[in-house]
Amino acid sequence: MNTDVKIIDYGVGNPGSIRNMLLKLGGKVSAVTNPDDLSQASLIILPGVGSFDNGMCRLKERGFDQAIREVARDSNAMFLGICLGMQLLFEGSAEGEQPGLGLIPGRVMRFENGNLKVPHMGWNRVRQVRGNQMLDGVFDDARFYFAHSFHVACADEWVLGKTCYGHEFPSVVMKDNIFGAQFHPEKSHKYGLSLLKRFVDIKNEQ
Amino acid sequence: MNNKRVIPFLLLRDEGLVKGVQFQNHKYIGDPINAVKIFNDKEVDELVFLDISARKRGSINYGLLEAICSEAFMPFAYGGGINSCAQIERLFRMGVEKVVLNTNLIHSPGLLRDAVQIAGAQSVVACIDVRKTLFGGYEIYINNGREKAKVGLSEHLSFLVANGAGEIVIQAIDREGTAKGMDAGLIDMVAKTVGMPVIAAGGAGGMDDVKKILCGTEAAAVGAGSMFVFHGKHKAVLITYPSRTILDAAVGEHA
């Protein structure tokens, strides 16, 4: 079975780059502008660049918020939120007024480190803090590209990987079939490619 | 973890890559797509493309950028002729990671705030080109270095901070293309003045210059052109990028 990957195109973020990387991995990839089209997917990706409120408003405008909650609850599909897409999974952000999707308990906070430059921009590592059959080993000796001013704060039980910028913050999260990555796999060369390949391959095996 | 970056700054003129000295006498270097492929293979930290012909042409070359985007698996910033949020949104949708604003920061002061509002600070880079004055100060030049800006450097930096630019590029026009070393004093001054990451540009000739800036100033990154597209005294065109081992050795691991 070929993985059917759907990338949510809600006018925010860059579905183009993610699509290009996924095309390299083979399989069917399409950008989806209509929430109804999410139903047949085996892997759904929510990209995102920009501000929290802008992201939530765009999702709601197109009816994706409801569709995403349904997928998360009901389907076998795996869901991956990237950068802002990961932050939107949580309950809310200090960056804005809008409530988030609320799929994972926790909030999004600003980096508030006197000495450090904000945004956190550049390459950094991920320390895997909990075992996961699909992703074990993919973070070893790897570096990923980060570009964000806000980071997630949540309970350890949802955290798969942590990254240090001043202090450690959750950079990879997971709850049931929902995953989030704070970095940009589509901008992280072979490391990003390896990560996405794990998602694509696992679905291929099912 | 070493967070400091070394970034090729590539200039576009219409469909080709070009390189000049002190913002003049630009010569054709090669095909931008080919350059992206080479930088991809070399696992470059990120790429910056600046289109020096966009303003005059009055349009952004979306076709070329789309082709570049489909090849680039690293963060990629674009600057040149950006003067509206619609353009910025279009650029993001195609895969451009960051937009670089320069002249229009001054000609359209509201643009920066609007851009940050839509895109988030991490996606908006403010580029400042300066020339040193006789008295040791610096003056900002816009429009590819042709027009002296009416605002002073200090005032402009305050404006950029107040309006939330995510990163600042500080480029010394006098040094640009010379490969004779960067202006550490200028760079450190700017980096110490603002809270966001500062990218130094203008004059990097080799890894020693890069190291001086990344280890000796508070700059977060170095942008370089000549160093990555030329080789040797006679400036033969050769697209290169140092290996991760060389980069880490020159810059050192920072916790």
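These numbers come from a predicted model, not from an experiment.

Reading the values: rules and limits
- Per chain, residues are indexed from 1 in the order of the written sequence.
- Note on labels: chains are lettered from A, ligands numbered from 1, in written order.
- Only residues with pLDDT of at least 70 get local features here, since the model is predicted, and only at 80 or more are side-chain atom pairs given and counted; chain-wide, interface and lining totals rely on the full set of residues.
- Side-chain metrics in this entry use all non-hydrogen atoms of the structure; hydrogen atoms and water are not considered.
- In DSSP terms, a helix is any run of H or I states spanning at least four residues, a strand is any run of E spanning at least two, and both are numbered starting from the N terminus.
- Think of it in three bands: with a 1.4 Å probe and only protein chains considered, a residue is buried below 20% of the maximum accessible area for its type, exposed above 50%, and partly exposed in between.
- Residue contacts are defined here by distance: any two heavy atoms, one from each residue, within 4.5 Å place the two residues in contact.
- To measure how exposed things are, a 1.4 Å probe is used in the Shrake-Rupley method; for residues, cover is taken only from the protein chains shown.
- Counting rule applied: Lys, Arg positive; Asp, Glu negative; His and chain ends not counted.
- The atom standing in for a charge is NZ when the residue is Lys, CZ when it is Arg, CG when it is Asp and CD when it is Glu.
- Any pair of Phe, Tyr and Trp rings, taking the six-membered ring for Trp, is counted once the centres come within 6.5 Å. Such a pair is stacked with planes under 30 degrees apart, edge-to-face with planes over 60 apart, and tilted for the rest.
- Put simply, a salt bridge is a Lys or Arg side-chain nitrogen that is within 4 Å of an Asp or Glu carboxyl oxygen.
- Among the buried residues, those of types Ala, Val, Leu, Ile, Met, Phe, Trp, Tyr and Cys that are joined through side-chain atoms within 4.5 Å form a nonpolar core.
- The axes used here are C-alpha line fits, helices contributing only the stretch in contact, and every angle between their N-to-C directions lies in the interval 0 to 180 degrees.
- Throughout, a crossing is termed right-handed when the near helix is turned clockwise from the far one, and left-handed when it is turned anticlockwise from it by less than a right angle.
- Under the convention adopted here, Pro, Cys and the residues Ala, Val, Leu, Ile, Met, Phe, Trp and Tyr are nonpolar, Asp, Glu, Lys and Arg are charged, and Gly plus all remaining residues are polar.
- Each residue carries a pLDDT score, the predictor's confidence in it, ranging from 0 to 100.
- Note: two strands are recorded as paired if DSSP finds a minimum of 2 bridges between them.
- Buried area is a sum: the accessible area each of two parts loses on coming together, probed at 1.4 Å, counted once for each and added.
- Under this definition, polar contacts are N or O atom pairs within 3.5 Å; protein pairs additionally need one hydrogen-donor-capable and one acceptor-capable atom, and for neighbouring residues in sequence, both atoms have to be side-chain atoms.

Peer 1: So what exactly am I meant to see when it comes to the overall build of chain B here?
Peer 2: When its secondary structure is counted, chain B shows eleven helices and 14 strands. A principal-axis box enclosing the C-alpha atoms of chain B has dimensions of 45 × 40 × 40 Å. A total of 255 residues make up chain B; the buried ones form 60% of that total. The long-range share in chain B, meaning contacts at least 24 apart out of those at least 6 apart in sequence, stands at 66%. Accessible surface for chain B amounts to roughly 10100 Å². Of this, 52% is attributable to carbon and sulfur atoms. Side chains of chain B carry 27 positive and 27 negative charges; the gap between the two charge centres is 6 Å.

Peer 1: Could you clarify how one ought to interpret helix 2 (residues 52–61) of chain A in this entry?
Peer 2: Given 3.6 residues per turn, any residue in an α-helix points the same way as the ones three and four places further on. Among the residues making up helix 2 of chain A, those that are buried are Phe-52, Asn-54, Gly-55, Met-56, Arg-58 and Leu-59 of chain A. Directly after helix 2 of chain A, the chain includes Gly-63 of chain A, whose backbone phi takes a positive value near 80 degrees.

Peer 1: I would appreciate a short explanation of the packing of aromatic side chains in the present structure.
Peer 2: The way to describe two aromatic rings as a pair is by their centre distance and the angle between their planes. Residues and elements named next belong to chain B. By the definition in use, this model includes twelve aromatic pairs over all chains. Measuring from ring centre to ring centre gives 5.2 Å for Phe-228 and Tyr-241, while their planes differ by 45 degrees; the resulting arrangement is tilted. Remark: Tyr-241 occurs in the loop between strand 14 (236–237) and helix 11 (244–251) and Phe-228 occurs in helix 10 (residues 226–229); sequence separation between them is 13 residues.

Peer 1: What is the right way to look at the pattern of salt bridges in this model?
Peer 2: Think of it this way: side chains of opposite charge can pair up when their charged atoms draw near. All names here are of chain B. Under the counting rule described, the total for this entry stands at 23 salt bridges over all chains. Between Arg-5 and Glu-46 there is a salt bridge, and its shortest N-O distance comes to 2.8 Å. Note that Arg-5 is positioned in strand 1 (residues 5–13) and Glu-46 in the loop between helix 1 (32–41) and strand 4 (47–51), a separation of 41 residues in sequence. Accessibility expressed as a relative area gives 1% for Arg-5, which makes it buried. Note on Glu-46: relative accessible area 1%, which makes it buried. Arg-57 is the partner of Asp-51 in a salt bridge, and the nearest nitrogen-oxygen pair spans 2.9 Å.

Peer 1: Would you take a moment to explain the nonpolar core for this structure?
Peer 2: For soluble globular proteins, nonpolar side chains are generally found buried alongside one another. Among the nonpolar cores identified, the biggest contains 80 residues, and Phe-39, Phe-49 and Ile-168 of chain B are the most heavily contacted of them. Leaving out residues up to four positions away in the same chain, Phe-49 of chain B has contacts with Leu-10, Leu-12, Leu-17, Pro-32, Val-36, Ile-68, Phe-76, Ala-77, Tyr-78 and Gly-79 of chain B. Membership of the second largest hydrophobic core comes to 35 residues, among which are Ile-45, Leu-135 and Phe-199 of chain A together with Phe-73 of chain B.

Peer 1: It is not clear to me how the packing of helix 4 (residues 85–94) of chain B against helix 6 (residues 110–119) of chain B should be interpreted in this structure. Could you clarify?
Peer 2: Each pair of packed helices gets described by two things: the angle between the helix axes and the distance between those axes. Residues and elements named next belong to chain B. Where helix 4 meets helix 6, the closest approach of the two axes is 10 Å, and the angle between their N-to-C directions is 35 degrees. As for the relative orientation of helix 4 and helix 6, their crossing is right-handed in sense. Counted together, Cys-85, Ile-88, Glu-89 and Phe-92 of helix 4 and Leu-111, Asp-114, Ala-115, Ile-118 and Ala-119 of helix 6 form the full contact between these two elements. Among the residues forming the contact of helix 4 with helix 6, the class breakdown is seven nonpolar, no polar and two charged.

Peer 1: For this particular structure, what's the right way to read the environment of Ala-221 of chain B?
Peer 2: All names here are of chain B. Its location among the elements puts Ala-221 in strand 12 (residues 221–224). Sequence spacing of Ala-221 and Ile-7 is 214 residues, and the spatial spacing of their C-alpha atoms is 7.3 Å. Ignoring sequence-local partners within four residues, the contact set of Ala-221 consists of Arg-5, Ile-7, Val-198, Ile-199, Ala-200 and Leu-214.

Peer 1: Is there a simple way to think about the confidence of the model for chain B in this case?
Peer 2: Detail in the predicted coordinates should be disregarded across regions flagged by low pLDDT. For chain B, the mean per-residue pLDDT works out to 90, and 98% of the residues sit at or above 70. The complex model carries a pTM of 0.80, and its ipTM stands at 0.73.

Peer 1: Looking at this model, I keep getting lost on the sheet that holds strand 7 (residues 127–128) of chain A. Mind explaining?
Peer 2: By way of backbone hydrogen bonds, the strands of a sheet pair with one another, either parallel or antiparallel. Residues and elements named next belong to chain A. Pairing in this open sheet of eight strands is mixed, and the strands run 2-1-3-4-12-11-10-7 from one edge to the other. Here the strands that pair on one side only, and so sit at the sheet edges, are strand 2 (28–32) and strand 7. Across the sheet, helix 1 (residues 15–25) is in contact with strand 1 (4–8), strand 2, strand 3 (43–46) and strand 4 (78–82); its angle to strand 1 comes to roughly 165 degrees.

Peer 1: How should the interface of chain A and chain B be read in this particular structure?
Peer 2: Interface size is often expressed as the accessible area that is lost when the parts come together. Listed per partner, the contact involves 38 residues of chain A and 38 residues of chain B. A buried area of about 2900 Å², summed over both sides, lies between chain A and chain B, and 48% of it is on carbon and sulfur atoms. Contact with chain B buries area across many residues of chain A, yet Lys-117, Met-121 and His-189 of chain A alone supply 23% of it, more than any other trio. Viewed at the interface, chain B and chain A are joined by four salt bridges. Asp-45 of chain B serves as the salt-bridge partner of Arg-143 of chain A, at 3.1 Å between the closest nitrogen and oxygen. In this assembly, chain A and chain B are joined by twelve residue pairs in polar contact (both at pLDDT 80 or more). Mapped by element, the contributors of at least two residues to the side of chain A that touches chain B are helix 1, helix 2, strand 6 (120–124), strand 8 (144–148) and helix 5 (189–205) of chain A. When its residues are assigned to classes, the side of chain A that touches chain B shows twelve nonpolar, 17 polar and nine charged.

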